[in-house]
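Structural characterization, general
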Amino acid sequence: MESAKNKNSQNQDRDIQNQFTAYLEKALYRGRLKYLERENKRKKHMVTWEPELFENITAPNDDFLDQIFADDEQQLFENLRFLSIIKTISERSMIILQLHILYEHTFHEIGEILSLPEENVKANYYRTVKYIREKMGGHR
């Protein structure tokens, strides 16, 4: 009688173990699918920072800048200073600035594009803006 109870207990343990193993396999499978979906979505919306776009702008003998700011040397100086500060910002921060300011994406949309939490995007954006203000000598 005891061996039957023992055998029954072992069968129950094996069944529970098999159920748990099946659960783990399913959870891992779903996790892999979610990861691949996120990666595909991120790659679709990938935005790259292209520093060469700014390298040409900051050239001191650039005729384009001279024509635009010929009347206001102070404004030219400020813009060149601003561009040199922009070059010191990390790639991720620059992408967030571009997406929010130039392309008018919300923080939520940027978070989805970069696969980051919305709060991280928001914090990065405001920290970068504060950094630029401080370097430019502004307040607020």
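Residues numbered from 1 in each chain as written. Predicted model: local features only at pLDDT ≥ 70, side-chain atom pairs only at ≥ 80, totals over all residues. Heavy atoms only, no water.

Further remarks concern the packing of aromatic side chains. In the structure shown here, the tally under the stated rule is three aromatic pairs. Measuring from centroid to centroid gives 5.8 Å for F107 and Y126, while their planes differ by 55°, and the two rings are tilted. Linking F107 in helix α6 (residues 107-114) with Y126 in helix α7 (residues 118-136), this pair joins segments that are 19 residues apart in sequence. Owing to a relative accessible area of 10%, F107 belongs among the buried residues under this scheme. A relative accessible area of 47% places Y126 in the partly exposed class. In this structure an aromatic cluster arises from ring pairing among F107, Y125 and Y126. (Phe/Tyr/Trp six-rings, centres within 6.5 Å; stacked < 30°, edge-to-face > 60°. Helix = DSSP H or I, 4+ residues; strand = E, 2+ residues; numbered from the N terminus. Buried < 20%, exposed > 50% of the residue type's maximum accessible area, 1.4 Å probe, protein only.)

Attention now goes to the packing of helix α5 (residues 91-102) against α7. Their axes nearest at 9 Å, the elements α5 and α7 cross at an angle of 95°. One finds that α5 runs roughly perpendicular with respect to α7. Listed contacts from α7 to R92, S93, I96, L97, H100 and I101 of α5 are V121, N124, Y125, T128, V129 and I132. When the residues that make up the contact of α5 with α7 are grouped by side-chain class, the tally is seven nonpolar, four polar and one charged. (Axes fitted to C-alpha atoms, helices over the stretch in contact; angles between N-to-C directions. Parallel < 35°, antiparallel > 145°, perpendicular 65-115°, else oblique. Contact = heavy atoms within 4.5 Å. Nonpolar A, V, L, I, M, F, W, Y, C, P; charged D, E, K, R; others polar.)

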